[in-house]
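# Analysis of the macromolecular model
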Amino acid sequence: MIEQRGLFLEEFVVGERYAHRPGRTVTDADNVLFTTLTMNTQALHLDAAYSATQPFGRPLVNSMWTLSTLVGLSVAQLTQSTLVAQLGLTDVSFPAPLFVGDTLTAESEVMSVRPSASRPGQGVVVLAHTGRSQNDEVVATATRTVLVWAREAAA
């Protein structure tokens, strides 16, 4: 039987790039629910009348939803069931806004791979994630460091 999973440490290759599809189209419910669940009262996400008076002229998608979804889109292909822990996110940026009705897609590049010095059978992988809108505009980038299982240790 073949089980859907992410990659084991030995399967990550520096420089490999992955396109994570399908993407995710943002709904108004996504934006409002995420914003309110996280106790964010920013009117730019919740108040269409107010947002209409601001530079973008409409509500912005909460950037934390964008970041979370960017990482989430990569999970099935890279870390599903092979992740031990997420160690950190750095270099997060949002060079362009995402709006309700936009579709977010993700790409990942393997930046580095090394066995863990302190955790035998596990290793550290650094991934560069890029999120794009349906217009191929970069809307988010982040560097993600993860701890994953080596194949033999996971068995």
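Since we're looking at a predicted model, the values are computed, not measured.

## A short note on helix 1 (residues 28–37)
- Residues of helix 1 that are buried: Asp-30, Asn-31 and Thr-35. Looking straight down helix 1, one finds its buried side chains confined to an arc of 115 degrees; they lie on one side. Across from the buried face of helix 1, at angles greater than 90 degrees, the exposed residues are Ala-29, Leu-33 and Leu-37.
- Summarising the contacts, the buried residues of helix 1 are in contact with strand 1 (17–25), helix 2 (43–46) and helix 4 (63–78).
- Met-39 lies just past helix 1 and shows a positive phi near 65 degrees.

## A few points about the sheet that holds strand 5 (residues 138–149)
- The strand order 1-3-4-5-2 describes an open sheet built from five strands, whose pairing is antiparallel. Across the chains shown, the open sheet's two edge strands, defined by having one partner strand only, are strand 1 and strand 2 (83–93). When strand polarity is set aside, the average angle formed by the axes of neighbouring strands in this sheet is 25 degrees.
- Sheet analysis places strand 1 next to strand 3 (residues 103–115), joined by six bridges and oriented antiparallel. Among the inter-strand pairings, His-20 is bridged to a residue of strand 3, identified as Ala-106.

## Some thoughts on unusual backbone geometry
- Geometrically, the link from Arg-21 to Pro-22 is a cis peptide bond, its omega value of 5 degrees lying close to zero.
- Along the chain, Pro-22 falls in strand 1.
- Positive phi is not limited to glycine here, since Asp-136 has a value of about 70 degrees.
- In this structure, Asp-136 sits in the loop between strand 4 (122–132) and strand 5.

## Thoughts on helix 4
- Over its 16 residues, helix 4 runs 23 Å from end to end, which matches the ideal 22 Å to within 8%, given 1.5 Å per residue.
- Buried within helix 4 we find Trp-65, Thr-66, Leu-67, Thr-69, Leu-70, Val-71, Leu-73, Ser-74 and Leu-78.
- Check the buried side of helix 4 and you find it contacts strand 1, helix 1, strand 2, strand 3, strand 4 and strand 5.
- Put simply, Asn-62 is the residue that caps the front of helix 4, since its side-chain oxygen is 2.8 Å from the backbone nitrogen of Met-64.

Rules used in this analysis
Residues numbered from 1 in each chain as written. Predicted model: local features only at pLDDT ≥ 70, side-chain atom pairs only at ≥ 80, totals over all residues. Heavy atoms only, no water. Buried < 20%, exposed > 50% of the residue type's maximum accessible area, 1.4 Å probe, protein only. Helix = DSSP H or I, 4+ residues; strand = E, 2+ residues; numbered from the N terminus. Arc of directions from axis to C-beta. Contact = heavy atoms within 4.5 Å. Pairing = 2+ DSSP bridges. Axes fitted to C-alpha atoms, helices over the stretch in contact; angles between N-to-C directions. Expected span 1.5 Å × (residues − 1). Polar contact = N/O pair within 3.5 Å; in protein donor to acceptor, adjacent residues only side chain to side chain.

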